[in-house]
There are 2 protein chains.
Amino acid sequence: PEEPVLEGQPKFDGRVQPYKDMDTFPRRHIGPSVAAVEDMLKVLDPPVKSLDDFVKEVIPPDVLSDRSINIPQGATGEADLLKTLKGIASENKPFINFIGCGYNGTKVPEVIKRNVLENPAWYTSYTPYQPEISQGRLESLLNFQTMVSELTALPIANASVLDEATAAAEAMTLSLNALPMSRQKRANKTFFVSNMCHPQTIAVLASRAEGFGVTIEVGDVLADNCKRVEELGQDLIGVLAQYPNTEGGVDNFRTLAEKVHKNGGTFSVATDLLALTVLTPPGEFGADVAFGNAQRFGVPLGYGGPHAAFFACSEKHKRKIPGRLIGLSKDRLGDSAARLALQTREQHIRREKATSNICTAQALLANMSAFYAIYHGPNGLKEIAGQVIGMARQLQAAIIEAGFRTGQRGKMDNSPVVFDTFVVETGDKTQELLKALEASGINVRPIDANHVGITVDEATSADDAKLLLEGFSKVGGKVSSSNLQEPVSVEPPTDLKRTSPFLTHPVFNSYHSETELLRYIYHLQSKDLSLVHSMIPLGSCTMKLNATTEMVPISWPEFAGIHPFAPDWQAKGYKTLIDQLEGDLAEITGFDAVSLQPNSGAQGEFAGLRVIRKYLEQQPGSKKRDICLIPVSAHGTNPASAAMAGMRVVPIKCDQVTGNLDMEDLKTKCEKHSEELGAIMITYPSTFGVFEPQVKRACDLVHQHGGQVYMDGANMNAQIGLCSPGEIGADVCHLNLHKTFCIPHGGGGPGVGPIGVKQHLAPYLPGHPLIKTGGEKAIAPISGAPWGSASILPISWAYVKLMGGTGLTQATKVTLLNANYILSRLKPHYPILYTNEKGRCAHEFILDVRKFKDSCGIEAIDIAKRLQDYGFHAPTMSWPVANTLMIEPTESESKAELDRFCDALISIRKEIEQVEKGEQPREGNVLKMAPHTQKDLILSEWKRSYTREMAAYPLGYLKEKKFWPSVARLDDAYGDTNLFCTCAPVEGAGDITGSMAPSPT
Amino acid sequence: PEEPVLEGQPKFDGRVQPYKDMDTFPRRHIGPSVAAVEDMLKVLDPPVKSLDDFVKEVIPPDVLSDRSINIPQGATGEADLLKTLKGIASENKPFINFIGCGYNGTKVPEVIKRNVLENPAWYTSYTPYQPEISQGRLESLLNFQTMVSELTALPIANASVLDEATAAAEAMTLSLNALPMSRQKRANKTFFVSNMCHPQTIAVLASRAEGFGVTIEVGDVLADNCKRVEELGQDLIGVLAQYPNTEGGVDNFRTLAEKVHKNGGTFSVATDLLALTVLTPPGEFGADVAFGNAQRFGVPLGYGGPHAAFFACSEKHKRKIPGRLIGLSKDRLGDSAARLALQTREQHIRREKATSNICTAQALLANMSAFYAIYHGPNGLKEIAGQVIGMARQLQAAIIEAGFRTGQRGKMDNSPVVFDTFVVETGDKTQELLKALEASGINVRPIDANHVGITVDEATSADDAKLLLEGFSKVGGKVSSSNLQEPVSVEPPTDLKRTSPFLTHPVFNSYHSETELLRYIYHLQSKDLSLVHSMIPLGSCTMKLNATTEMVPISWPEFAGIHPFAPDWQAKGYKTLIDQLEGDLAEITGFDAVSLQPNSGAQGEFAGLRVIRKYLEQQPGSKKRDICLIPVSAHGTNPASAAMAGMRVVPIKCDQVTGNLDMEDLKTKCEKHSEELGAIMITYPSTFGVFEPQVKRACDLVHQHGGQVYMDGANMNAQIGLCSPGEIGADVCHLNLHKTFCIPHGGGGPGVGPIGVKQHLAPYLPGHPLIKTGGEKAIAPISGAPWGSASILPISWAYVKLMGGTGLTQATKVTLLNANYILSRLKPHYPILYTNEKGRCAHEFILDVRKFKDSCGIEAIDIAKRLQDYGFHAPTMSWPVANTLMIEPTESESKAELDRFCDALISIRKEIEQVEKGEQPREGNVLKMAPHTQKDLILSEWKRSYTREMAAYPLGYLKEKKFWPSVARLDDAYGDTNLFCTCAPVEGAGDITGSMAPSPT
Ligand SMILES: Cc1ncc(COP(=O)(O)O)c(C=O)c1O
Ligand SMILES: Cc1ncc(COP(=O)(O)O)c(C=O)c1O
Ligand SMILES: O=C([O-])O
């Protein structure tokens, strides 16, 4: 195969081959030039002659593959690639949509699109684990939480979950957890779900209920004055209803709520943020949980995702809320500051006792939705809601005029639509109508043989409405669309009408001009460190380049404008792209089939384990194979996913010295659980950053005992082109496209966690109730949309195509080199926790700083915070080993950047030494006081053991380029005990951006 | 007419009119809400009841018009507008271009497009007049200068001029200025121009030569061993040749250079940066000046502009170089820092003695080109050049094979093309060929009835080449395109081959990976204050919102991909857009015809005056009407433009008390010069920020004496919808679309300076040699491209359409209110220089700070620099009155922002008072030491009369949101005496971004 063109290689030597692309990508993606690689190989300890020799020292010989990836390499330049992709995109036909069903048209304000969605300073940041350099997106996520909390009238809201359907599942688990243990253990425990919920929500619930042994009962929750709720008695876990429901009905749930509560259950409501600007919010009619899709707040349809789902709950459930929660706390100087709250609820801590595995969520989309609310403000949102109701009512009246009955199924009484959706009884004219509409480029929702659903939204235009009515006219009586624009009453029925105010905080009332919003966006942005500033060496997170060419297509209307339930022939471009990407990922991983449905790595784990279980169920054998072996070093989502899939987790020890799997322990456990062995979950290279030599043996062992091998592919960046899960022996593996395949982290999401499987598992890949996808014996869906977060798949597609097999392989080699280069430079200064017998790590390694706690009281957190003063994001802290730092540079970092980072850590080592030697005090030294803010340095009376200069500019480059933390070190304990998860009251907010400007003199 | 929807107006009241757009624009563009306007009217001194009453106090009754602008208002929202515009854009048909002629295809690196061209932090900044908060773009422009200087091998290069054709004109004037005065005065002084220059260059030269009394002689400059150069003797001003020339020939100019020099002339060369990577640079064969279009370095064709033209010259001409020049100097702390050098050369100082009127230039495009060079580096650029040569040679060979002769006209000897262009003798097959090519979507350059030109570029693909050859095959012999990709020698002839290195500075060799480039772009960006941070209250500059929706379309390929000399039927979308925009601007200004050709305000002035002169020449009367009356308060470009148009400037006094035109003086001058009176140039409202009551009388007076009225429309933002140049009595007016009509300033350009004219002047509107435009008796072109900077016209088009007549009028009212609000708040604290008899200013006003010089030694510059510490850009300094500050807020600023700005100035007034009272010293006080950098506050030993806190956080809001100057106050004198205009040598550059990282330990 042709070699990729790398930086430093091309030479102009008098003869050229014309039409060779000059904008080839591997040299843009890979940081070190050819010359730098040479230099780095020499600096390695011990030095190596060539990159290939080096690779042989890193990867065990029986793991290293000689297969080369068969993907034509990126000889095609970036410009050509975009042309090709435009061709694929143009196979998509975005129709005018009246489909609804949880996904609506929206007008993305251009100022938000350009400055958030298309802005690397927003999309390349990581989850705000380091609050001092993340206050911008933390404030924005707090705005999101405030928006959700006020619109739902529930006090606690989180910073987004993956989608509406999984939010329903989270509501179910929260309800289960809220029960006394005795009730949790009942055999027939039942979650009672309204048949008026979206079908995809019900399908995803089914997939989640299984593992918890929960029965999902779908029915009319209000029937006979909620009789069934009472009947369920102690078996009731809770009730889920939808408001407005999937067919547009809006019911008064007060009585239902009372009955659920009386019966000790939890009442959850799937809802719509726009509707809540005019309808009584769930918190005011007794709901304990409210959730839904925030997509219509300024996030494109994108064929189903990514969008931010929201999740809110009452005070009493606040410590059970799934996903990430932003809370206010105080910093060292006593100033208010936001950070991730209640981290102790997360899976790392609860592991196999966790009932949620959400890790990556939808931060970027949540931010977009929050800015949308800020841009429109409460009045603007209400106005949009009014428009939507008005349009729906006019359309309904016209369709009635055409001779059709409207309403919801079972209630076709033509009473005025309350919000945005109604059903039309089209009877035997249904097919004819659908044909007529199709000819005009219109999609409605085909509900059954005799009914269609109509949903309008902010983006519905008068022309769209006219076309729709023309369709109805063709098959029914004549209607005129001339009175479409006449004023119409949009009042909801009195008992459903919202009377309480919302979004009263200044943040929702100050930035309605574009200038003000733009400045607010940039002000927040200025507080956040992202890849536009410096390396983010977070181990296990793979913070590589998210190239612009990869990002550009996701804004194209051909990708952004497709409804997930549009007929498949309208989405041929997506199909081409998805087929190619699945094929390429299968080629890369050595698997036979791939599903792109899971929208995070953790969702991939859950999907993969469910596929395994389904497969195992079909095999001969008397016992349930529900044991899942998981090394103690595993990422917290592994045991959490296993538990959610209904598996019993058995931990496998790791060798204390090498970090490798304890093969003896593995053997013992395999033998012990032989008949019940379902799977092993292993991460490769291990979470300790080492290519374990015994991995194939471990796979064999598990297979011998009838188990399947699940590989966590978070570390796939270390494998591509050099080895593969399929060849190593895995049966399933998830990939994090938001790590290895260049989807940006977006400040904590979105992500895509596809799974690859061997042939025998392919029939079980997840399906979908509305759109054909997955295997013939498909498990129930993992996500609400058939292909999860489809609209960001072009990113990974473009990456793979631009790099080609050889480019990808080269990237892997350099990613290994970059990690080992840092390791070699730091080894004289810090202990390194685990390496292989050649002293090499994989693509990441653990810096062991534990001894400093004894020697001078310095802990990993102090080093992490001090790194901020040097302009760097901290490595992964205290995972997988407490009080250590795990460093992963990726191939995109140049030697110059790696050197700056090493210099920073070496300089910090000297600062530690000063404390060790007693030259600096154990408390109040430059590490303990880190990070240092401008305010701290400028305002504080200076009585410290170090100078201001030492605090701010410990190395020379900082005088030229310095990123400042915007707050001093956060007090986590204070925040968790005084949980406060909405925007700070105005007194605290200060006069940030003018809302508090003094009145005129 | 319908009223625009304003922020704070819409209410949700139970009934709605469906399909009313919710994303209406006036409320997004205009800063203050309806409620804020109410509040502000009350704060005015004296207060006013209504906005309309207020307007009557500002605008004289006989000037205030009751005509309302007939442009349908922006009921259409932003999303709809983009749909409409997409429809217009799709009328454009971007062909594959082999036209060349100064405009080439290029691949804009996506990382640059997104993060520079599409980034408001880059495009909304102003010309870097305040270097301390502009170091980012200053460094980038220095990179541009370095790139040009090294590629041309000439020591001094400027920071861009408007286009290649005007650059030729600047070369001519520089040559003229370089002559001894005696030769400058010769009647037959001649600029000898190669007939192998681009035709548009020669046409623009003609338009410029007239005013200077220069004869342009076009001919073969090398003929008979340069005989004509010798013949011209003392009449020779200089010679202009093109290299490579317009037909692709590359000549050795060494002998020519010697002969020009021997004859005391200046040798200028129009050239191509890409060619100079492989060809001997002009500086090495004796050129004194080299210039050209930098467009092919990463700036789209855009139907002709905007692009950055470059201009370089030898050491001896450095103080004559036109346009802006960035130079290095030192700041207060002794650190190296960049700033605008040699400002004393500019027109403000030289006025009617100026020979160049360049003010707005092409900063944003220059930055794009510089980043392009940084991204590719010297090797990458050379490789691209090699490709281009290779492609050209392969094509040439194939076309010869098809039976055609190739070369340049007069030299069709089939010798191998040296760079990218060759001419084909197509004889009687020309029309057939053109038809065949058209059918394949291909443009070549039709040179004459028997010849076509072929130019290839970086964007030419093998498919393009195949299509081209198929066309030739159809009309000639068969050629195969199968060997197109075979290696080919691309060596230039030895005597033309470049041997010297270029772009050796680390900046061109460190940022070749996308990650590194992205961080470099963001690092520079972080040093610049722009509209994303705060108000930029520059008087006369109109720093209003550049809305995203306005900006989005300029990246569309339908606008970006059209060659300016493409047949007009391929540019129908542009035609529609241009016609509509011209119509709307005529409606707004009260004129009959508009030309969009001038690409800056100053170019508009020059165009307008030439139109006037041409008109006057055609009128009866024995004397030349060449007197131009210009008030002493006029912007420096006015007298400079008049001089360039060959007019004699007679200054008109202004009243010392009111600032108004001295009507007596005007009358006297009119009478005195009655027979020779050509024109008056007036700015309205005046540059003092007042609507002069006598303006109509002044116009009448000039008309009575046979003169024409030229209005400088820089202040048009104060007029729209309330009065108009046409109704006031002007015959011509230029508009700055980059002020009033929302084209962003781009850090110093691009701009568009259209002129509107009354019917009698319409026949003279500028034409173009290659494309039909302008009036029937058109003057020679002002710009190289028929519609100047066509690709940014969608911005102004969108603004006008989004606002509609009523929105635009509302904006004008608020712009007047905003200025008067600040005036009223500041009046108790500072003297205001001029107001009308009601105490009102127009859209801007002058803060008179002159008295502080006496009272305590504080000057305008100290206040300007101190404002930086408060997070604000300074108002316009010392213009139009020395040592004052002129403040213009625009309608886009909210009340909150205006209040912050007023608070800052009031707080500064208190700081001044402390110096006046002796509480602070006259030297070394917080104003004199301003601005304060982080380094200054953190590193300095603190022995000042004020605290660090007072320096950094004089007001509370700064603790939340603080923009830091990146260097301390600049030393201008040092820089001008030690002129240094390329990148700093490496020792000085420090370890900014890693190129200097320490080597591994
Ligand atoms: C090893 C490992 N497994 C699984 C995950 C979970 O992936 P996600 O965050 O996409 O759910 C992570 C995330 O960082 C991880 O590092
Ligand atoms: C009053 C006035 N006239 C003319 C000009 C020149 O316009 P341009 O910079 O576009 O050449 C300006 C620019 O600031 C100006 O303020
Ligand atoms: O997000 C992680 O847990 O790494």
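These lines cover the structure that appears in this document, whether it is placed above or below. Bear in mind the structure is a predicted one, so any value in this text is a computation, not a measurement. (Residues numbered from 1 in each chain as written. Chains lettered and ligands numbered in written order. Predicted model: local features only at pLDDT ≥ 70, side-chain atom pairs only at ≥ 80, totals over all residues. Heavy atoms only, no water.)

1. Some points on the overall build of chain A
Note the following rule: A run of H or I in DSSP becomes a helix once it reaches four residues, and a run of E becomes a strand once it reaches two; helices and strands are each numbered from the N terminus. Note on method: radius of gyration uses C-alpha positions; expected globular size equals 2.2 Å times residues raised to 0.38. Each residue is assigned to one of three classes by its accessible area relative to the maximum for its type, calculated with a 1.4 Å probe on protein chains only: buried under 20%, partly exposed between the two thresholds, exposed over 50%. Every residue pair with non-hydrogen atoms within 4.5 Å of one another is taken to be in contact. What sets the accessible areas is the Shrake-Rupley method with a 1.4 Å probe; for residues, cover comes only from the shown protein chains.
Within chain A one finds 34 helices and 27 strands. Relative to the 2.2 N^0.38 estimate, which gives 30 Å for 1001 residues, the radius of gyration of chain A is 28 Å and therefore close to what a compact globule would have. Overall size of chain A, expressed as C-alpha extent along the three principal axes, is 85 × 80 × 75 Å. Here chain A holds 1001 residues, and 71% of them are scored as buried. For chain A, the share of sequence-separated contacts (at least 6 apart) that also reach a separation of at least 24 residues comes to 76%. When the accessible surface of chain A is split by element, carbon and sulfur atoms take 50% of a total near 29500 Å².

2. Let's talk about the pairing of strand E19 (residues 648-652) of chain B
Residues and elements named next belong to chain B. For the record, the criterion: Following DSSP output, two strands are said to pair if at least two bridges run between them. Here, the term right-handed applies to a crossover whose path from the first strand over the helix to the second runs clockwise when the strands point away from the viewer.
As paired elements, strand E18 (residues 627-631) and E19 share five bridges and run parallel to each other. Note on E19: the bridge partner recorded for Ile 627 is Arg 648. What joins E18 to E19 is helix H22 (residues 637-644), and the crossover it makes is right-handed.

3. Overview of the relation of the copies chain B and chain A
Between the two chain copies there is a screw-like relation: a rotation about an axis and a shift along it. Heads up, the rule is: For this overlay, a least-squares fit was computed on C-alpha atoms, restricted to residues scoring pLDDT of at least 70 in both copies.
For the pair chain B and chain A, the best superposition has an RMSD of 0.1 Å and corresponds to a rotation of 180° with a translation of 0.0 Å parallel to the axis. Accordingly, the operation relating the two chain copies is best matched by a two-fold axis. The C-alpha atom lying nearest the rotation axis in chain B is that of B:Ile938; the distance is 3.4 Å. Counting the interface residues of chain B, we find that 100% of their copies in chain A are interface residues as well, pointing to one common contact surface.

4. Things to note about the sheet that holds strand E22 (residues 732-735) of chain B
Residues and elements named next belong to chain B. Here is the rule: Fitted lines through C-alpha atoms give the axes, limited to the stretch in contact for helices. The angle between two N-to-C directions lies from 0 to 180 degrees.
Taken in spatial order, the seven strands of this open sheet run E17-E23-E22-E21-E20-E18-E19, and their pairing is mixed. The open sheet terminates on both sides in strands that have one partner only, identified here as strand E17 (593-595) and E19. Each strand of the sheet is rotated relative to its neighbour by a mean of 25°, with strand direction disregarded. In the packing of helix H20 (residues 572-589) onto the sheet, contacts are made with E17 and E22, and the angle to E17 comes to roughly 120°. Sheet strands touched by helix H21 (residues 601-617): E18, strand E20 (677-683), strand E21 (708-713), E22 and strand E23 (755-757). Its angle to E21, the strand with the most contacts, is close to 170°.

5. Some points on the site of ligand 2
All names here are of chain B. Heads up, the condition is: Any residue with at least one heavy atom within 4 Å of a molecule or strand is counted as near it. Any N or O atom pair separated by 3.5 Å or less is treated as a polar contact, with the protein-specific requirement of one donor-capable and one acceptor-capable atom, and with residues adjacent in sequence counted only for side-chain atom pairs. Residues are grouped as follows: Ala, Val, Leu, Ile, Met, Phe, Trp, Tyr, Cys and Pro are nonpolar; Asp, Glu, Lys and Arg are charged; every other residue, Gly included, is polar.
Ligand 2 sits among 14 residues. The nearest are Thr 360, Ser 540, Gly 601, Asp 712 and His 738. The separation between a nitrogen atom of ligand 2 and a polar side-chain atom of Asp 712 is 2.5 Å. A distance of 2.6 Å is found between an oxygen atom of ligand 2 and a side-chain nitrogen or oxygen belonging to His 738. By residue number, the principal contributor to the shell around ligand 2 is H21, which donates three residues. Residues belonging to the shell around ligand 2 are distributed by class as follows: three nonpolar, eight polar and three charged.

6. What about the site of ligand 1?
Residues and elements named next belong to chain A. Among the 14 residues in the neighbourhood of ligand 1, the closest are listed as Ser 540, Gly 601, Asp 712, His 738 and Lys 739. Contacts to ligand 1 include Asn 736, whose side-chain N or O atom sits 3.1 Å from an oxygen atom. Lys 739 has a polar side-chain atom sitting 2.6 Å from an oxygen atom of ligand 1. When the free accessible area of ligand 1 is taken as 390 Å², the share hidden by the protein chains comes to 98%. The element that contributes the greatest number of residues to the shell around ligand 1 is helix H21 (residues 601-617), accounting for three residues. Tallied by class, the residues present in the shell around ligand 1 amount to three nonpolar, eight polar and three charged.

7. Quick notes on the packing of aromatic side chains
Test applied: Each Phe, Tyr or Trp ring (for Trp, its six-membered ring) is paired with any other whose centre lies within 6.5 Å, and the angle between the two planes then decides the class: stacked below 30 degrees, edge-to-face above 60, tilted in between. Ring-over charges, as used throughout, are those where CZ of Arg or NZ of Lys falls within 6 Å of the ring centre and within 35 degrees of the ring normal.
This structure, assessed with the given rule, holds 50 aromatic pairs over all chains. Taking the centre distance of 6.1 Å and the plane angle of 55° together, the rings of B:Tyr243 and B:Phe253 count as tilted. One end of the pair, B:Tyr243, is in strand E6 (residues 236-243); the other, B:Phe253, is in the loop between E6 and helix H12 (254-262), with ten residues separating them in the sequence. Judged by relative accessible area, B:Tyr243 falls into the buried class, the value being 1%. Centre to centre, the rings of B:Tyr303 and B:Tyr574 are 4.4 Å apart; their planes meet at 15°, and the pair counts as stacked. On the criterion of sequence distance, the pair formed by B:Tyr303 in the loop between strand E8 (289-293) and strand E9 (309-313) and B:Tyr574 in helix H20 is long-range, its members being 271 residues apart. An identical accessibility class is assigned to B:Tyr303 and B:Tyr574; each is buried. The structure contains a cluster of three or more aromatic residues connected by ring pairs, namely A:Tyr303, A:Trp556, A:Phe559, A:Tyr574 and A:Trp787. The ring of A:Phe606 carries the charged tip of A:Arg208 above its face, separated from the ring centre by 5.3 Å.

8. Focus: the interface of chain B and chain A
Definition in use: Here's the idea: put two parts together, see how much 1.4 Å probe accessible area each one loses, and the total over both is what we call buried area. Salt bridge, as applied in this entry: a Lys or Arg side-chain nitrogen positioned within 4 Å of an Asp or Glu carboxyl oxygen.
Counting residues at the interface gives 113 residues for chain B, matched by 114 residues for chain A. Where chain B abuts chain A, roughly 10300 Å² becomes buried across the two surfaces, and 54% of that area is made up of carbon and sulfur atoms. Taken as a group, B:Tyr19, B:Arg114 and B:Arg519 account for 9% of the area that chain B buries against chain A, more than any other trio of residues on that side. Joining chain B to chain A, the criterion identifies ten salt bridges. Between A:Arg519 and B:Glu893 there is a salt bridge whose closest N-O contact spans 2.8 Å. It is helix H14 (residues 363-401) of chain B that contributes the most residues to the side of chain B that touches chain A, eleven residues altogether. Pairing of strand E16 (residues 488-489) of chain A with strand E1 (residues 15-16) of chain B involves two bridges; the strand directions are antiparallel.

9. So, the side chain of A:Arg909
Residue and element names in this part refer to chain A. Residue placement: Arg 909 occurs in helix H29 (residues 895-916). Taking relative accessible area as the criterion, Arg 909 reaches 11% and is therefore assigned buried. If sequence neighbours within four positions are ignored, Arg 909 has contacts with His 829, Tyr 830, Lys 851, Phe 852 and Glu 916.

10. Thoughts on the pattern of salt bridges
When the charged atoms of two side chains lie near each other, side chains of opposite charge can form a pair. Considering all chains together, one arrives at 108 salt bridges over all chains under this definition. Salt-bridge contacts for A:Arg27 lead to B:Glu383; the nearest nitrogen and oxygen are separated by 3.9 Å. Of this pair, A:Arg27 sits in helix H1 (residues 26-29) while B:Glu383 sits in helix H14, on two different chains. This pair shows no difference in class: A:Arg27 is buried, exactly as B:Glu383 is. One salt bridge in this structure joins A:Glu558 and A:Lys86, with 3.4 Å as the shortest N-O distance. Taken as a pair, A:Glu558 in helix H19 (residues 557-560) and A:Lys86 in helix H4 (residues 78-89) lie far apart in primary sequence, 472 residues in all.

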